[in-house]
Amino acid sequence: MASDAIDIGFLDGCFLHTDADHGASTLVSFHFVRFILFALLLTVVGPFVYRLTAAFFDLERDFKTVADHFDDVTSGLIYAYLVFTLGNYAHTFGWTTLLFYFIGLFGYSALVEVPFLRVSIPGWRSWSMRAWAVNLVGVALVLVAAGFHIRWAWKAGFLQWYLPLFVLATATLWLTICVQKLNNYCTDNRPHGLGIERSVRKIALVALWRFRPHSKPVSANAGRPQYAESVYEIGSLGLSQNSLHMEQTSSPDSPNQPLRDTRTSREERTTIINEQLTNLHYLNVRTGRPLPVCKCQLHLHHWQIFYILAFFTRFDRFASAACAGLVLGIFTQGSAAYGYDAMLERKHI
């Protein structure tokens, strides 16, 4: 049996199948050497060439420090690995994709330099008619390309997977909208957050309160009444000895009368626990200060849109490879010029 085993080299990767669809109908595919070339293009070569070109022509971009560029490279490696593995680039990445990658990179860079096209998606209400016209033409082209890819998926026999996975990929948009609504609701109505951590902490405080050591009454010396010392120490809860105190009942007439301990009442216990709940151990919140809650607004970036599309240009056809290069180039333009900005922008209140 050992002689029948297939000798696969370490650098050949895994799940690299040769089938009638050239891997298009396979969810996961990988090839080590091709991935290295793909990742270098998306994280180093493409952004570096763009930044040099942008500096030469003084194109619109954000200033970035060395640390910013390093963060972009590390984030880009994660994005590159995901789209390469799930987008069938182990089979389709080649010269066609490379050529149209730079066409998309510099074509979109030139397009956004047009004055009336310097717009953002959140500000769509203030777009000019010309900006609307150009963007609608772009949407139409994307829909036409999507129609061809859906037809190829149907001919390959995996349309039942292709369309649901595309809907799942768009969850980054509609799920983010739900998170935005929930976050803004909690900011307005629950300034302490959802209260899950506070509830868990309260359970711990109430449960451990029942197991606290009792105080020991101590007799007073003649003429010098003393107070009993509490042996209640529960530093892990952050509670002080004030939670259990003693009451002096001795008098000059009865110097040897013992002290009587007074149990903490339910109201006092509730007050102490609530005090602890208002000072949870958050490193980014100072004691006694309010939590840094904030509202968010949705800001969909073009690098996010074209990154999602890059997962579905998975066919070993010239048109599909060209579309893959275009969407990857536009994705790189957004990340290289502005960084991987989040979809939810925080507004502190």
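Everything quoted here is computed from the prediction, not taken from an experiment.

A. Summary view of the overall build of the protein. Looking only at helices and strands, the protein has eleven helices and four strands in total. Expressed as a percentage of its 349 residues, the buried residues of the protein come to 33%. Summarising the internal contacts of the protein: among those between residues at least 6 apart in sequence, 72% fall at separations of at least 24. Summed over its atoms, the accessible surface of the protein is roughly 22,000 Å², and 64% of this surface lies on carbon and sulfur atoms.

B. Structural context of the pattern of salt bridges. All chains considered together, the criterion is met by four salt bridges. Arg61 serves as the salt-bridge partner of Asp58, at 3.4 Å between the closest nitrogen and oxygen. The class for Asp58 is exposed, based on a relative accessible area of 59%. A salt bridge links Arg118 to Glu113, with the shortest nitrogen-to-oxygen separation between them at 2.6 Å.

C. Region of the structure containing the confidence of the model for the protein. Averaged over every residue, the pLDDT of the protein is 81; residues scoring 70 or more account for 78%. When the elements of the protein are averaged for pLDDT, strand β1 (residues 245-247) gives the smallest value, 42, and helix α4 (residues 95-111) the largest, 97. Low pLDDT, under 50, characterises residues 215-237; the stretch is placed with 51 contacts to residues that sit more than four places away or in other chains. This stretch, residues 239-252, has a pLDDT under 50; its non-local contacts, to residues over four places away or in other chains, come to 42 contacts.

D. Here's a closer look at the packing of helix α10 (residues 302-309) against helix α11 (residues 318-338). Where α10 meets α11, the closest approach of the two axes is 8 Å, and the angle between their N-to-C directions is 150°. Judged on the interaxial angle alone, α11 and α10 are roughly antiparallel. The two elements α10 and α11 cross, and the hand of that crossing is left-handed. Together, His302, Trp303, Phe306, Tyr307 and Leu309 of α10 and Val327, Ile330, Phe331, Gln333, Gly334, Ser335 and Tyr338 of α11 make up the contact between the two elements. Considering only residue class, the contact of α10 with α11 consists of eight nonpolar, four polar and no charged.

E. Molecular detail of the packing of aromatic side chains. With the rule as written, the count across this model stands at 31 aromatic pairs. Relative to Tyr162, the ring of Phe158 lies with its centre 6.0 Å away and its plane at 80°, an arrangement referred to as edge-to-face. Side by side, Phe158 and Tyr162 carry an identical accessibility label, which is buried.

F. Highlighting the nonpolar core. In terms of nonpolar packing, the biggest core is built from 40 residues, with Phe38, Leu42 and Tyr89 touching the most fellow members. Elements supplying a minimum of two residues to this core: α1 (32-57), α2 (66-86), α3 (89-92), α4, α5 (129-156), α6 (159-169), α10 and α11. Leave out the neighbours within four places in its chain, and Phe38 touches Ala80, Val83, Phe84, Tyr89, Phe93 and Leu328.

G. The arrangement of the side chain of Thr43 in detail. One can find Thr43 in helix α1. With a relative accessible area of 9%, Thr43 lands in the buried category. In terms of polar contacts, Thr43 uses its side chain to reach the backbone carbonyl oxygen of Ala39, at 2.5 Å. Every residue in contact with Thr43, bar those within four places of it in the chain, is listed here: Val73, Gly76 and Leu77.

About the criteria used
Residues numbered from 1 in each chain as written. Predicted model: local features only at pLDDT ≥ 70, side-chain atom pairs only at ≥ 80, totals over all residues. Heavy atoms only, no water. Helix = DSSP H or I, 4+ residues; strand = E, 2+ residues; numbered from the N terminus. Buried < 20%, exposed > 50% of the residue type's maximum accessible area, 1.4 Å probe, protein only. Contact = heavy atoms within 4.5 Å. Areas by Shrake-Rupley, 256 points an atom, 1.4 Å probe, with all protein chains shown as cover. Salt bridge = Lys/Arg side-chain N within 4 Å of Asp/Glu carboxyl O. pLDDT = per-residue confidence, 0-100. Axes fitted to C-alpha atoms, helices over the stretch in contact; angles between N-to-C directions. Parallel < 35°, antiparallel > 145°, perpendicular 65-115°, else oblique. Left-handed = near helix turned anticlockwise from the far one by under 90°. Nonpolar A, V, L, I, M, F, W, Y, C, P; charged D, E, K, R; others polar. Phe/Tyr/Trp six-rings, centres within 6.5 Å; stacked < 30°, edge-to-face > 60°. Core = buried A, V, L, I, M, F, W, Y, C linked by side-chain atoms within 4.5 Å. Polar contact = N/O pair within 3.5 Å; in protein donor to acceptor, adjacent residues only side chain to side chain.

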